[in-house]
Amino acid sequence: MESDTISDEPKKKSNRGKSKKDSASSTATKNKAKDTSLLKQKSPAEFFAENKNIAGFDNPGKSLYTTVREFVENSLDSAESISELPSIEVAIEEINKSKFNTMIGLVDRERVDRELYDDFESEKAREKRLAKEAKVQEIQVKNVAFGKKVKESATVNKTKGRSETAYFKVICKDNGKGMPHDDIPNMLGRVLSGTKYGLRQTRGKFGLGAKMALIWSKMSTGLPIEIISSMKGQNFTSFCRLDIDIHKNIPHVHLHEKRENKDRWHGAEIQVLIEGNWTTYRSKILQYMRQMAVITPYAEFLLKFTSDTSEKNMTIRFARRTNVMPPVPLETKYHPSAVDLLLIKRLISETSKQNLQQFLQHEFVNISKSLAERLIGEMGPDFSPKLTVKSLTAQQIVRIQQLFRQAKFDDPSGDCLSPAGEYNLRLGIIKELQPDLVATYAGSPQVFEGHPFMVEAGVSLGGKDVKQGINIFRFANRIPLLFEQGADVITRTALKRINWSSYKINQAQDKIGVFVSIVSTKIPFKGTGKEYIGDDITEISSAVKAAIKQCCSQLKSKIVKKLQARERQERKRNLNRYIPDACRAVMEVMEQIANEDEGSKRHKKYEKDDEDLIKKVASEQVTEVTLRDCLTQHVEQVDYEMALEYATQSGVSEEPREDIYLNSLEGSYKSTDFHSPIFVFRLVS
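Residues numbered from 1 in each chain as written. Predicted model: local features only at pLDDT ≥ 70, side-chain atom pairs only at ≥ 80, totals over all residues. Heavy atoms only, no water.

- If you look the protein chain up in an unreviewed UniProt entry, it shows as DNA topoisomerase 6 subunit B from Rhynchospora pubera.
- Per UniProt, the comment on the protein chain under Sequence similarities (unreviewed entry) is "Belongs to the TOP6B family."
- According to the UniProt record, the Catalytic activity (unreviewed entry) comment for the protein chain reads "ATP-dependent breakage, passage and rejoining of double-stranded DNA." (UniProt positions renumbered as here; feature names shortened; annotations may be inferred.)

Observations concerning the overall build of the protein chain
Okay, step 1: Across its full length, the protein chain holds 17 helices and 18 strands.
Okay, step 2: The 685 residues of the protein chain split such that 39% are buried.
Okay, step 3: Considering only contacts in the protein chain between residues 6 or more positions apart, those separated by 24 or more positions represent 74%.
Okay, step 4: Counting every atom, the protein chain has about 40,500 Å² of accessible surface; 50% of that belongs to carbon and sulfur. (Helix = DSSP H or I, 4+ residues; strand = E, 2+ residues; numbered from the N terminus. Buried < 20%, exposed > 50% of the residue type's maximum accessible area, 1.4 Å probe, protein only. Contact = heavy atoms within 4.5 Å. Areas by Shrake-Rupley, 256 points an atom, 1.4 Å probe, with all protein chains shown as cover.)

Concerning the packing of aromatic side chains
Okay, step 1: If you walk through the whole model with that rule in mind, you get twelve aromatic pairs.
Okay, step 2: Measuring from centroid to centroid gives 4.0 Å for Phe-100 and Tyr-167, while their planes differ by 15°, and the two rings are stacked. Of this pair, Phe-100 sits in helix 4 (residues 97-103) while Tyr-167 sits in strand 2 (residues 166-173), placing them 67 residues apart in sequence.
Okay, step 3: What makes Phe-100 buried here is its relative accessible area of 6%.
Okay, step 4: Geometrically, the ring pair formed by Phe-448 and Phe-453 is edge-to-face, given 5.9 Å between the ring centres and 65° between the ring planes.
Okay, step 5: We classify Phe-453 as buried; its relative accessible area is 1%.
Okay, step 6: Each member of the aromatic cluster is reached from another via a ring pair, and the members are Tyr-65, Tyr-281, Tyr-288 and Phe-483.
Okay, step 7: When the ring centre of Phe-236 is taken as origin, the NZ or CZ atom of Lys-258, which lies over that ring, is 4.6 Å away.
Okay, step 8: Taking the ring centre of Phe-239 as reference, the NZ or CZ of Arg-259 above it sits at 3.9 Å. (Phe/Tyr/Trp six-rings, centres within 6.5 Å; stacked < 30°, edge-to-face > 60°. Lys NZ or Arg CZ within 6 Å of the ring centre and 35° of its normal.)

Quick look at the nonpolar core
Okay, step 1: If you look at the biggest cluster of nonpolar residues, it comprises 68 residues, and the most contacted ones within it are Ile-92, Ile-227 and Phe-301.
Okay, step 2: Ranked by residues supplied to this core, first place goes to helix 8 (residues 278-295) with ten residues.
Okay, step 3: For Phe-301, the residues in contact, after removing those within four places along its chain, are Val-72, Leu-76, Ile-88, Met-289, Met-292, Ala-293, Thr-296, Ile-316, Arg-317 and Phe-318.
Okay, step 4: Listed in part, the 36 residues of the second largest apolar core include Ile-518, Ala-543, Cys-552 and Leu-555. (Core = buried A, V, L, I, M, F, W, Y, C linked by side-chain atoms within 4.5 Å.)

Re the sheet that holds strand 8 (residues 314-318)
Okay, step 1: The sheet built from eight strands is open, its strands ordered 5-4-3-6-2-1-7-8 with mixed pairing. Because the sheet does not close on itself, it has two edges, and the strands there are strand 5 (250-260) and strand 8. Put simply, the sheet's adjacent strands are angled 15° from each other on average, direction ignored.
Okay, step 2: With seven bridges connecting them, strand 1 (residues 87-95) and strand 7 (residues 300-306) associate as parallel partners. Its bridge partner being in strand 7, Glu-93 is matched across the sheet by Thr-306.
Okay, step 3: Across the sheet, helix 3 (residues 60-80) lies against strand 1, strand 2, strand 6 (267-276) and strand 7, angled at about 175° from strand 6, the strand it touches most.
Okay, step 4: Sitting on the sheet, helix 7 (residues 210-220) touches strand 2, strand 3 (225-230), strand 4 (236-245) and strand 6, and the angle it makes with strand 6 is about 35°. (Pairing = 2+ DSSP bridges. Axes fitted to C-alpha atoms, helices over the stretch in contact; angles between N-to-C directions.)

Points about the pattern of salt bridges
Okay, step 1: In this structure the tally under the stated criterion is 28 salt bridges.
Okay, step 2: Here Arg-129 and Glu-133 are joined by a salt bridge, their closest N and O atoms 3.3 Å apart. Here the residue Arg-129 and the residue Glu-133 both occupy positions in helix 5 (residues 123-145), the gap between them amounting to four residues, near one helical turn.
Okay, step 3: For Arg-129, a relative accessible area of 15% translates into the label buried. (Salt bridge = Lys/Arg side-chain N within 4 Å of Asp/Glu carboxyl O.)

Regarding the state of the cysteines
Okay, step 1: Inspection of the entire model under this criterion finds zero disulfides.
Okay, step 2: Lacking any disulfide linkage, Cys-552 is separated from the closest cysteine sulfur, that of Cys-551, by 6.9 Å. (Disulfide = S-S within 2.5 Å.)

Points about a nonpolar patch on the surface
Okay, step 1: Side chains of Met-103, Ile-104 and Leu-106 sit close together on the surface and give an oily, nonpolar patch of about 270 Å² of accessible area.
Okay, step 2: Here Leu-106 is to be found in the loop between helix 4 and helix 5. (Patch = residues over 30% accessible without salt bridge, like charges linked within 9 Å, V, L, I, M, F, W, Y side chains within 5 Å.)

Concerning helix 11 (residues 369-379)
Okay, step 1: Within the span of helix 11, buried status applies to Leu-371, Ala-372, Leu-375, Ile-376 and Met-379. Here the buried residues of helix 11 occupy an arc of 135° about the axis, which is enough to place them on one side. Exposed residues lying more than 90 degrees from the buried face of helix 11 are Arg-374, Gly-377 and Glu-378.
Okay, step 2: On its buried face, helix 11 sits against helix 10 (356-363) and helix 12 (394-406).
Okay, step 3: Positive phi shows up at Gly-380, right after helix 11, with a value of about 125°. (Arc of directions from axis to C-beta.)

Comments concerning the confidence of the model for the protein chain
Okay, step 1: Taken as a whole, the protein chain shows an average pLDDT of 82; of its residues, 84% reach a score of 70 or greater.
Okay, step 2: Considering only residues more than four positions removed or in separate chains, one finds that residues 1-7, a stretch of pLDDT under 50, has zero contacts.
Okay, step 3: Contacts from residues 158-163, a stretch scored under 50 in pLDDT, to residues over four places away or in other chains number ten contacts. (pLDDT = per-residue confidence, 0-100.)

Re the packing of helix 8 against helix 13 (residues 422-433)
Okay, step 1: The geometry of helix 8 relative to helix 13 is characterised by a closest axis approach of 6 Å and an angle of 140° between their N-to-C directions. In terms of orientation, helix 8 and helix 13 fall into the oblique class. The segment helix 8 lies against helix 13, with Arg-290, Ala-293, Val-294 and Ile-295 engaging Asn-424, Leu-425, Gly-428, Ile-429, Lys-431, Glu-432 and Leu-433.
Okay, step 2: The residue makeup of the contact of helix 8 with helix 13, split by class, is six nonpolar, two polar and three charged. (Parallel < 35°, antiparallel > 145°, perpendicular 65-115°, else oblique. Nonpolar A, V, L, I, M, F, W, Y, C, P; charged D, E, K, R; others polar.)

Here it is as structure tokens:
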């Protein structure tokens with residue numbers, strides 16, 4: 001028994017030690033699981049919902065503006081993709097809180113505890129406000145009595161509470177491509193999914209489009225978005241009502257069905273109900289639409305705003321002025337100098353080419369067969385043209401990327417870009433601003449960091465609704481940039497790097513419009529909101545400066561012509577002013593000579609022409625009136641000859657201008673276009 005007891009004791013001890021180890025390991029496992037559970041992931045939709053300011057949804061007012069902008073730009077892309085002249089209608093309806101509550105089935109409740117609300121006004125504060133209003137009114141009455149000019153005083157409003165929110169129904173309808181029926185949920189309900197990805201010139205900044213408007217709708221009103229769409233030739237329209245599961249980044253479809261399309265309409269109509277502020281961002285929305293009409297004169301826009309207050313209602317139509325559209329941007333391949341390791345790895349995983357030589361030739365721009373062989377030879381003995389591209393190691397990929405950075409390649413061409421065109425830019429400026437003078441210039445394609453870009457510029461003088469001084473209009477990939485103007489390369493160039501006085505332009509007093517449009521496969525935006533282009537890229541800065549200077553040089557020649565014409569008119573006016581006095585004085589002298597000659601016995605000897613003139617004066621064939629007519633004709637003749645001499649020297653032939661009557665763009669006809677940098681001649685057959 002004793003031996004058994006002694007022999008069992010180590011077993012018990014070992015079991016106890018084992019149980020302690022097991023419990024310790026289980027505790028460690030639990031802690032590890034607990035630590036692992038602390039790691040969380042966010043979906044793209046959740047990230048943009050929490051950082052909505054990145055996409056331009058800083059506050060309700062800017063969210064309304066950004067929603068309109070995203071809808072309009074999507075509509076333009078959709079119409080241009082099928083070479084259809086864009087016709088876009090934007091309707092904004094203001095909905096007050098009471099009407100919104102009725103729409104969602106929420107019954108309005110009267111306030112019980114008024115002091116709980118942030119717009120509560122105590123009796124003392126109310127008395128103070130009323131006393132201030134009475135004092136202002138009394139001063140105005142005294143000013144009227146003394147005949148003084150009365151300024152409209154700002155009314156002292158009660159504090160506006162956060163709960164006094166306005167809601168807006170935004171509807172955008174276009175005549176574009178439309179959306180495939182089955183793709184609608186993912187196209188609008190899944191963030192970072194779309195048709196615009198790839199290396200090409202695009203209007204979008206993040207690829208969010210209407211998806212961010214849907215996220216803002218879910219955050220501010222909780223209501224879904226509604227889409228009606230039909231593609232060309234379809235006998236049905238697709239109707240879809242959906243919202244987005246922000247945490248999973250997947251669409252939540254409420255209704256998705258096909259409906260009859262009797263009118264064979266094609267395009268898309270998107271409707272969303274969001275919180276917004278029309279009062280503070282009305283001017284920005286109008287400014288955006290006006291500038292969009294400048295850069296796309298081939299498009300037709302209709303902006304309609306309605307509310308319960310009839311004074312606020314408005315309808316503005318931006319008419320189409322041409323049907324000449326820029327070419328559709330083409331997708332291009334990457335330039336070797338603009339790739340990084342991740343991009344090379346992605347291209348390797350996606351390529352259909354088998355060996356390294358084919359991969360270099362077909363996945364990158366400006367690498368010919370001979371250049372690919374030279375590059376492979378420079379990479380080292382571990383590389384060969386027949387090397388399987390999928391078998392490249394991480395070290396070999398690094399070697400390729402290092403060689404790409406050091407090797408010399410031809411610059412990419414600008415064939416893939418789609419600028420507005422000098423003709424369209426000039427036409428848009430004339431259409432919207434109606435300036436006295438305008439000059440435009442389109443630069444040749446240039447390159448920065450392996451990406452092609454083009455700069456177009458226009459400078460105008462005078463015009464409608466243009467303030468004195470320099471008014472800057474910025475465009476990137478044919479969309480207006482309205483915010484963060486001060487740090488932009490266009491603004492800094494126009495204000496600090498152009499000597500306006502050397503071009504006969506008064507920077508302070510003249511009404512100057514500076515229009516600059518930059519297009520590229522990669523716009524180097526700065527800041528979180530991507531609202532301005534940095535001033536740190538020498539190639540772009542130099543191109544912008546050169547384009548503006550070219551426009552100024554054109555304007556200078558026009559201004560000099562106007563100044564010279566004004567000087568001629570002034571000289572002619574002065575001569576005409578002295579003609580009567582000069583004629584009177586000359587006639588008095590000539591009449592005196594004629595009388596003296598007639599009364600004298602000894603006639604003075606004159607030249608034959610002078611003697612004939614004296615006889616005509618004596619016989620009253622030449623009078624003050626005839627002399628005045630002759631002098632007037634002489635001044636006209638001299639003025640015409642001086643103008644002709646100037647035109648000959650400057651190489652300008654100015655013929656009398658006649659009215660030109662242009663046919664309406666409506667209707668169908670066959671035509672052939674002949675393109676020039678500043679005009680398009682259309683031969684209608």
